[in-house]
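Descriptive analysis of the structure
This is what each chain is made of:
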Amino acid sequence: MQLKLSASKLPFAPLLLIAPFFLWGTAMVAMKGVIPHTTPLFMAGVRLIPAGMLILIAAAFMGKPQPKGWAAWLWIALFALVDGTLFQGFLAEGLVRTSAGLGSVMIDSQPLAVALLSLWLFQEHIGFWGWLGLGLGVTGISLIGLPDEWILHFLDSGANITIGNWQDLFASGEWLMLLAALSMAVGTVLIRFVCRHADPVTATGWHMILGGLPLWGVSSVVESQQWENLGASDLVALGYATVFGSAIAYGLFFYFASSGSLTSLSSLTFLTPVFALLFGNLFLSEVLSPLQWVGVFLTLISIYLINQRDTLAAQNDTVTVGEIANIQQPVLEASAKKLNPITLGVRESEREILP
């Protein structure tokens, strides 16, 4: 995989690479029952602040250095604003106002934005196989998240979608999910700049705390009854989303994002709705339709293509060079056979002139 260099330092590297997206997907399932009993901004703060404290405690036990200097804290503050406050705020409000299907498609389209930003800022090579994988990934999550009736109607009648329908979609909150996806994409790129001045683990912890405080501040002003209706099962779900879906998931994600290919790492985000659907089927008896199974299959293919794009391109180049060599060799042999020896006669007078 393109991420093997950054992951090789840790045991069970492949499982750790997939772990953030597994935890995010299962955390979404855990949060489904909590949303009606609390408020979105308060819930977003709960997912950030306690998780950030846990990461800082773990960083202290690991001996990670604390940020030093104004440059480090400025980058962490920007990181906190974009990936903490904006991302979690847009996501929480979007979950309340949008359907889970279309919302998941928009939030998990962020690998495209990451790929474009990485190409522009870091000149990461994407190539034919990478772009093909990104296209298949977006198609796959669209089949997973969009209602089957929409897809079948689109295939039957073509792209006959009126402006009014799109206005209704964005008025219901999908644009908030799109803004959340863009915020996460920018945050994924920002970690590269943050790590030039601070340790990625401690920076992740501080950005979650600094990003969550404004959410709780706004929640205290505009929201009410944030925790009065929470039951024991809701607290367990919040605890799982905080510890596993935030602290562990974000700690691993930004550790890997600090080195290695951002395009390859972000492509694994396509796994999040897959895990959410599978565990929703297991625990909530949600049934996957045939189109959704096709989407799962395309999503897995897309991740393989993106993460193996350099290997596939190298194999293609090897075949091409080999074919050219095989073509040139008989041509050279045939041309050599056609060459006849030429005998030049030199007269005695000419021989005497030569030194």
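Attention in this report is confined to the structure presented alongside it. For clarity, every value in this text was computed on a predicted model and none was experimentally measured.

Observations regarding the packing of aromatic side chains
According to the stated counting rule, one finds ten aromatic pairs in the structure shown. Site record: aromatic cluster; members linked through ring pairs are W24, F79, Y250, F253 and F254.

Digging into the nonpolar core
One finds W24, L238 and F254 to be the most contacted residues of the largest nonpolar core, which totals 45 residues. At the level of elements, α2 (13–31), α3 (40–62), α4 (70–97), α10 (174–194), α11 (200–222), α12 (232–257) and α14 (271–283) are the ones that each hand at least two residues to this core. Residues within four places of F254 in sequence aside, it is in contact with F79, D83, G187, T188, I191, P200, T204 and H207.

A look at empty space enclosed by the protein
Overall, the coordinates contain one cavity of 30 Å³ or more when judged by the stated rule. Its boundaries defined by the atoms lining it, the largest cavity holds a volume of some 70 Å³. Considering the residues around the largest cavity, the lining is formed by M28, M31, M43, A44, R47, Q88, L91, A92 and L95. Elements that contribute at least two residues to the lining of the largest cavity include exactly α2, α3 and α4. Ranked by residues supplied to the lining of the largest cavity, first place goes to α4 with four residues. A breakdown of the residues in the lining of the largest cavity according to their chemical character gives seven nonpolar, one polar and one charged.

Topic: the side chain of R47
Topologically, R47 is positioned in helix α3. For the buried R47, no salt bridge is present, and the opposite-charge side chain at shortest range is D83, 10 Å distant. Within the structure, R47 has its side chain in polar contact with the backbone oxygen of G245 (distance 3.2 Å).

Here's the deal with the packing of α4 against α11
Between α4 and α11, the least distance of the axes is 7 Å, while the angle of their chain directions is 55°. Our classification of the angle between α4 and α11 gives oblique. Crossing of α4 over α11 shows right-handed handedness. Contacts between α4 and α11 involve W73, I76, F79, A80, D83, G84, T85, Q88 and G89 on the former and, on the latter, A203, W206, H207, L210, G211, P214 and L215. Along the lines of polarity and charge, the residues of the contact of α4 with α11 split into nine nonpolar, six polar and one charged.

Comments concerning α12
For an α-helix the count is 3.6 residues per turn, leaving residues at separations of three or four pointing the same way. The terminal C-alpha atoms of α12 lie 35 Å apart, and with 26 residues this matches the ideal 38 Å at 1.5 Å per residue to within 8%. The largest bend along α12 measures about 30° and falls at A249.

Observations concerning the packing of α3 against α12
Each pair of packed helices can be described by the angle between their axes along with the distance between the axes. One can describe the packing of α3 onto α12 by two numbers: an axis separation of 8 Å at closest approach and a directional angle of 55°. Between α3 and α12, the crossing angle belongs to the class labelled oblique. Handedness of the α3/α12 crossing: right-handed. Across from M43, V46, R47, P50, A51, L54 and I55 in α3, the residues of α12 making contact are L238, A241, T242, V243, G245, S246, A247 and G251. By residue class, the composition of the contact of α3 with α12 is ten nonpolar, four polar and one charged.

Quick word on the environment of G25
Its location among the elements puts G25 in helix α2. As for G25 and G245, which are separated by 220 residues in sequence, their C-alpha atoms are 8.2 Å apart.

Notes on α4
Over its 28 residues, α4 extends 39 Å from the first C-alpha to the last, a length consistent with the 40 Å expected when each residue adds 1.5 Å. A80 marks where α4 bends most, by close to 30°.

Brief notes about the environment of Y250
Among the secondary structure elements, Y250 is positioned in helix α12. Separated by 198 residues in sequence, Y250 and G52 place their C-alpha atoms 9.4 Å apart. With residues near it in sequence (within four places) discarded, Y250 still touches W24, D83, F87, Q88, T204, M208 and G245. Only 2.9 Å separates the side chain of Y250 from the side chain of Q88, close enough to count as a polar contact.

Thresholds applied
- Residues numbered from 1 in each chain as written.
- Predicted model: local features only at pLDDT ≥ 70, side-chain atom pairs only at ≥ 80, totals over all residues.
- Heavy atoms only, no water.
- Phe/Tyr/Trp six-rings, centres within 6.5 Å; stacked < 30°, edge-to-face > 60°.
- Core = buried A, V, L, I, M, F, W, Y, C linked by side-chain atoms within 4.5 Å.
- Buried < 20%, exposed > 50% of the residue type's maximum accessible area, 1.4 Å probe, protein only.
- Helix = DSSP H or I, 4+ residues; strand = E, 2+ residues; numbered from the N terminus.
- Contact = heavy atoms within 4.5 Å.
- 1 Å grid on protein atoms, 1.4 Å probe; cavity = no way out; pocket = protein on both sides within 12 Å on 5 of 7 lines; lining within 4 Å.
- Points joined across faces, edges and corners; volume = space filled by probe spheres on them.
- Nonpolar A, V, L, I, M, F, W, Y, C, P; charged D, E, K, R; others polar.
- Lys, Arg positive; Asp, Glu negative; His and termini not counted.
- Salt bridge = Lys/Arg side-chain N within 4 Å of Asp/Glu carboxyl O.
- Polar contact = N/O pair within 3.5 Å; in protein donor to acceptor, adjacent residues only side chain to side chain.
- Axes fitted to C-alpha atoms, helices over the stretch in contact; angles between N-to-C directions.
- Parallel < 35°, antiparallel > 145°, perpendicular 65-115°, else oblique.
- Left-handed = near helix turned anticlockwise from the far one by under 90°.
- Expected span 1.5 Å × (residues − 1).
- Bend = angle between axes of the 7 residues up to and from the residue.

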